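Given next are the chains, with one letter for each unit.
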Amino acid sequence: TLHLRADSCYVAAVQIGVGQVQCGIFNALGEPLATDRFTFEIAPGPQMMLQRVADVLRTLCRPLGAVGKLSGIGVAVPGPVDRAGRRLLVSPRMDWRDVPVADALEALTGVAVKVEHNVRAMALAEARFGQGKGLGSVAFVYLRAGLGAGLVVRGQPFSGGVHGAIEIGHLQVIEGGLPCVCGGRGCIETVVSDAALRDTARRLHVDAAPNALTALWQAAQTRADAASVIDGIVAPLATGLSVLATLLNPELVLLGGELAEIPDALFARIVEASWRRALPVLRTTSRIERSRLGVDAGLVGGATVALDHFLY
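Everything quoted here is computed from the prediction, not taken from an experiment.

(A) Broad picture of the overall build of the chain. The number of helices and strands found in the chain is eight helices and 12 strands. Its C-alpha atoms give the chain a radius of gyration of 19 Å, within 12% of the compact-globule value 20 Å for 312 residues. Taking the principal axes of the C-alpha coordinates as reference, the chain spans close to 60 × 50 × 35 Å. The buried share among the 312 residues of the chain stands at 53%. For the chain, the proportion of contacts with a sequence separation of at least 24, taken over those separated by at least 6, is 61%. Counting only carbon and sulfur atoms, one obtains 54% of the accessible surface of the chain, whose full area is about 13800 Å². Across the chain, the mean location of the 29 positive side-chain charges is 2 Å away from that of the 28 negative side-chain charges.

Structural data, given as structure tokens:
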């Protein structure tokens, strides 16, 4: 007979990507009330971007009457964070290190801030509001600028280890592979990342828009060179997913970002190849499915982080 009033509080969400940002205002049930996005230059560093984030959040709050009423701000960032949830430790693709995101944004807005690894925030959003609701463990694998993963166990985001990030994209599984932005060689991300996939599409004279992986798959239906490229993409990706499933045993693995947008036949091939490499018993106890959060996965993740930390 009791329920939570949706308008009992507001939180802000920020998803910081490589050169782009999403901002939003959400109610107590995790429903978006207003959103906006912008691009930014990486080279000048994070301060100008964070100033713009503060300006955008104020603009979004005004018509809602939420100015001065935010319970907190959740920020999803593209890299590992410190244990206190205040600093972005490193973002190799932007060459940023030890960024005091929470301190800077609190000074600009006067609102408390919680920072979280972007894909772990997406996993938490799925566990709270999405397909993972009610499950004991949910993993989220996200392909966009890079390939990252997040895990939620018994309702709590997994943040063990030194940096608390599950960097599935930096598993070095390709023998004699290319150098990676992380400093390693032969990482999954050297073939399965937005930049790598677009480079491959250009080399094969394939139009990569709007989804490079889909474009390569379509080309592979009629071209042997593209079919060989797909083999070289599916194998390391399936190896990474099988390692994730075998080591962490999540009940549900959700594939998001560009992986959620690929054709059914390619998705089925990735799933089949992943289970072929994983512990056999997992095939009957775990599932690999598409995420339904879409392009706003990180933004919903940021809102979920804020609600978890400042309200729930």
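(B) Structural detail: the sheet that holds strand β8 (residues 137-143). Read from one edge of the open sheet, five strands run β10-β9-β8-β11-β12, paired in mixed fashion. If you trace the sheet from one side to the other, it starts and ends with β10 (156-157) and β12 (287-290), each paired once. By the bridge criterion, six bridges tie β8 to strand β11 (residues 252-257) in an arrangement that is parallel. Looking across to β11, one finds that Leu-143 is bridged to Gly-257.

(C) Quick peek at the pairing of strand β6 (residues 96-99). In the sheet, strand β5 (residues 88-91) pairs with β6 via three bridges, with the strands oriented antiparallel. Residue pairing across strands places Leu-88 opposite Val-99, the latter belonging to β6. Connecting β5 to the antiparallel partner β6 that follows it, the hairpin turn spans four residues, and Asp-95 within it adopts a positive phi of roughly 55°.

(D) Spatial organisation of the pairing of strand β4 (residues 70-77). β4 sits mainly inside the fold: seven of its eight residues count as buried. Across five bridges, the pairing between strand β1 (residues 10-16) and β4 is parallel. The residue of β4 that forms the bridge with Val-14 is Val-75. Of the strand pairs in this sheet, β4 and strand β7 (residues 113-117) are connected by five bridges, and their pairing is parallel. The residue of β7 that forms the bridge with Ile-73 is Val-113.

(E) Structural context of a nonpolar patch on the surface. The grouping of Leu-4, Leu-29, Phe-129, Leu-311 and Tyr-312 at the surface amounts to a nonpolar patch, some 420 Å² of accessible area in total. Mapped onto the fold, Leu-311 is located in the segment after α8 (297-310).

(F) Broad picture of the nonpolar core. In terms of nonpolar packing, the biggest core is built from 45 residues, with Val-141, Leu-147, Leu-213, Leu-216, Leu-255 and Leu-259 touching the most fellow members. For this core, the secondary-structure elements that each account for two or more residues are β8, β9 (147-153), α4 (194-203), α5 (212-220), α6 (224-248), β11 and α7 (264-277). With residues near it in sequence (within four places) discarded, Leu-259 still touches Val-141, Leu-143, Leu-147, Leu-213, Leu-237, Phe-267 and Arg-290.

(G) Molecular detail of the sheet that holds strand β2 (residues 20-27). Taken in spatial order, the five strands of this open sheet run β3-β2-β1-β4-β7, and their pairing is mixed. The sheet is open, and its two edges are formed by β3 (32-39) and β7, each paired on a single side. Direction aside, the axes of adjacent strands within the sheet are offset by 15° on average. The strands touched by helix α1 (residues 46-61) within the sheet are β1, β2, β3 and β4, with β2 carrying the most contacts at an inclination of about 35°. Together, β4 and β7 form the strand contacts of helix α2 (residues 101-109), whose direction differs from that of β7 by roughly 145°.

(H) Broad picture of unusual backbone geometry. For the bond running from Ala-209 to Pro-210, omega is -10°, close enough to zero to count as cis. As for its placement among the helices and strands, Pro-210 is situated in the loop between α4 and α5. Phi angles above zero are rare outside glycine, and Asp-98 is one such case at about 50°. With respect to the secondary-structure elements, Asp-98 resides in strand β6.

(I) Structural detail: α2. Those residues of α2 not exposed but buried are Val-101, Ala-102, Ala-104 and Leu-105. With its buried residues spanning 165° around the axis, α2 presents them on a single face. Check the buried side of α2 and you find it contacts α1, β4, β5, β6 and β7. Looking one or two residues beyond α2, the residue adopting positive phi is Gly-110, at roughly 75°.

(J) Structural view of the pattern of salt bridges. In this structure the tally under the stated criterion is 17 salt bridges. Ionic pairing is found between Arg-37 and Asp-296, a salt bridge with its closest N-O pair at 3.5 Å. Here Asp-296 lies in the loop between β12 and α8 and Arg-37 lies in strand β3, a separation of 259 residues in the sequence. Overall, the relative accessible area of 32% leaves Asp-296 in the partly exposed class.

Each value, and the rule that gives it
Residues numbered from 1 in each chain as written. Predicted model: local features only at pLDDT ≥ 70, side-chain atom pairs only at ≥ 80, totals over all residues. Heavy atoms only, no water. Helix = DSSP H or I, 4+ residues; strand = E, 2+ residues; numbered from the N terminus. Rg over C-alpha atoms; globule rule 2.2 N^0.38 Å. Buried < 20%, exposed > 50% of the residue type's maximum accessible area, 1.4 Å probe, protein only. Contact = heavy atoms within 4.5 Å. Areas by Shrake-Rupley, 256 points an atom, 1.4 Å probe, with all protein chains shown as cover. Lys, Arg positive; Asp, Glu negative; His and termini not counted. Charge placed at Lys NZ, Arg CZ, Asp CG, Glu CD. Pairing = 2+ DSSP bridges. Patch = residues over 30% accessible without salt bridge, like charges linked within 9 Å, V, L, I, M, F, W, Y side chains within 5 Å. Salt bridge = Lys/Arg side-chain N within 4 Å of Asp/Glu carboxyl O. Core = buried A, V, L, I, M, F, W, Y, C linked by side-chain atoms within 4.5 Å. Axes fitted to C-alpha atoms, helices over the stretch in contact; angles between N-to-C directions. Arc of directions from axis to C-beta.

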